[in-house]
Each structure stands twice: as structure tokens, then as C-alpha cells.
Amino acid sequence: YEDLTLWEHLDLLASINNINDDILINRANAYLEVFKMDKVKHEMPATFSKGMQQKVMIIQALLLQPDFYIVDEPFIGLDPSSIKMFLTIMEQERQRGAGILMSTHVLDTAEKICDRFLLISEGTTVAEGTLQQLQSASGIGNASLLECFHAMAEGR
């Protein structure tokens, strides 16, 4: 909403999801600090850069601590420090028991954090499984996820 500050967005989200004020304050302030957004929490997100707006969406999702995350291209617009922090937090959420479904073109990062992969090329599934299964299916031992994808997508 263009007329709401970042904090008002977080407060509205918490209110809609029955998150009490103490939890809102603790979680929101922690994530705002981690993503270096605490100094702009009373500003309008419509004026933020693409990266800052991406951080707002991430903070909103984390505030809810859902059982399952669907994350589409989370790294777009994020600086390296924010990417590292996002990955650390996603690992913490995974340890908490949350499921994470991520869609990304950044295969080297996906390789480091995902358990299983579904490789899609031109709208068609070319392979699925663990990295070891994909390496075996591609015929390239110790290959990266990108190398597996390339071998299987080109071999169609």
C-alpha cells in the first residue's frame, strides 16, 4: 500500500495474522536490523530501490514464520551480504522444520542450499533428484548443478 510505511506494512501483516505486538516488535526489529532496513522502517517502501523492496518482501515472509515457503528468484536485487544473510536464515527456517520450495536461475547457489532439484528447460522437466542422482543421470561425475543442467538440457 503506497500510503503505508514499512513499519505500518509489518504491523498490518502481523494484525491480519494474529501476531501479538511483542512478537511483532521482536521479530520485525531483528529482521530489519539483519537486512539493514532499521533506519528506513518509517519510510514508504514505494520509494525504495528494487533490492530494498526485495528485502521488504523477505522480511514480511519471515515475520510470519510459516510452515512452508515458496520463494521465487529471491536473489534478484540483493547485495552479497543480504544474499548470505537470506541463505543463513533459510537454513535456520529449514532447521525449524519449514519446507522451502525455491525457483531460481542461480544454480550455483541452489546447489549449495537445496536437497533436491527439478531441472526445467523450455517448459519441460529434464531431470529431478538429488545432486548425486543428477550427476549420475548426466554421466558427469562430480559435476556442478549447472554442468548437469547443461548436459541434460542440451542432450534432449
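Use the structure listed above.
All of the points below concern the structure found in this document.

Across its full length, the protein chain carries seven helices and four strands. Helices and strands in the protein chain line up, N terminus first, as α-α-α-β-α-β-α-β-β-α-α. Counting only C-alpha atoms, the protein chain reaches 55 × 30 × 25 Å along its principal axes. In the protein chain, once contacts between residues fewer than 6 apart in sequence are set aside, the share between residues at least 24 apart is 56%. When the accessible area of the protein chain is evaluated, it comes to approximately 9400 Å², of which 52% is carbon and sulfur surface. The positive charge centre, built from 12 side chains, and the negative charge centre, built from 22, are 5 Å apart in the protein chain.

Looking now at the pattern of salt bridges. According to the stated counting rule, one finds four salt bridges in the structure shown. For Arg96, the salt bridge identified is with Glu93, shortest N-O distance 2.6 Å. Taken as a pair, Arg96 and Glu93 lie in helix α4 (residues 80-96) at a separation of three residues, close to a single helical turn. Given the relative accessible area of 4%, Glu93 is considered buried. Note that Arg94 and Asp115 form a salt bridge whose closest N and O atoms lie 2.7 Å from each other. One end of the pair, Arg94, is in helix α4; the other, Asp115, is in the loop between α5 (107-113) and β3 (117-121), and 21 residues separate them in sequence. Residue Arg94 is classed as partly exposed on the basis of its relative accessible area, which comes to 32%. One network of salt bridges, with partners in common, ties together Glu91, Arg94 and Asp115.

Relative to the helices and strands, Lys55 resides in helix α3 (residues 50-64). A polar contact of 3.3 Å, which involves the side chain of Lys55, links it to the side chain of Ser82.

Inspection of the secondary structure assignment puts Gln135 in helix α6 (residues 131-138). Judged by its relative accessible area of 14%, Gln135 is buried. Not counting residues up to four positions away in its chain, the partners in contact with Gln135 are Ile140, Gly141, Asn142, Ala143 and Cys148.

What follows covers the pairing of strand β1 (residues 68-72). Alternating positions in β1 separate cleanly, Tyr69 and Val71 being buried on one face and Phe68, Ile70 and Asp72 remaining unburied on the opposite face. Direction of pairing for β1 relative to strand β2 (residues 99-103): parallel, over a ladder of five bridges. Directly across from Ile70, in β2, lies its bridge partner Leu101. A crossover links β1 with its parallel partner β2, the connecting element being α4, and its sense is right-handed.

Cut-offs used in this document
- Residues numbered from 1 in each chain as written.
- Predicted model: local features only at pLDDT ≥ 70, side-chain atom pairs only at ≥ 80, totals over all residues.
- Heavy atoms only, no water.
- Helix = DSSP H or I, 4+ residues; strand = E, 2+ residues; numbered from the N terminus.
- Contact = heavy atoms within 4.5 Å.
- Areas by Shrake-Rupley, 256 points an atom, 1.4 Å probe, with all protein chains shown as cover.
- Lys, Arg positive; Asp, Glu negative; His and termini not counted.
- Charge placed at Lys NZ, Arg CZ, Asp CG, Glu CD.
- Salt bridge = Lys/Arg side-chain N within 4 Å of Asp/Glu carboxyl O.
- Buried < 20%, exposed > 50% of the residue type's maximum accessible area, 1.4 Å probe, protein only.
- Polar contact = N/O pair within 3.5 Å; in protein donor to acceptor, adjacent residues only side chain to side chain.
- Pairing = 2+ DSSP bridges.
- Right-handed = clockwise from strand over helix to strand, strands pointing away.

Geometric descriptors of this kind do not, in isolation, establish any biological role.
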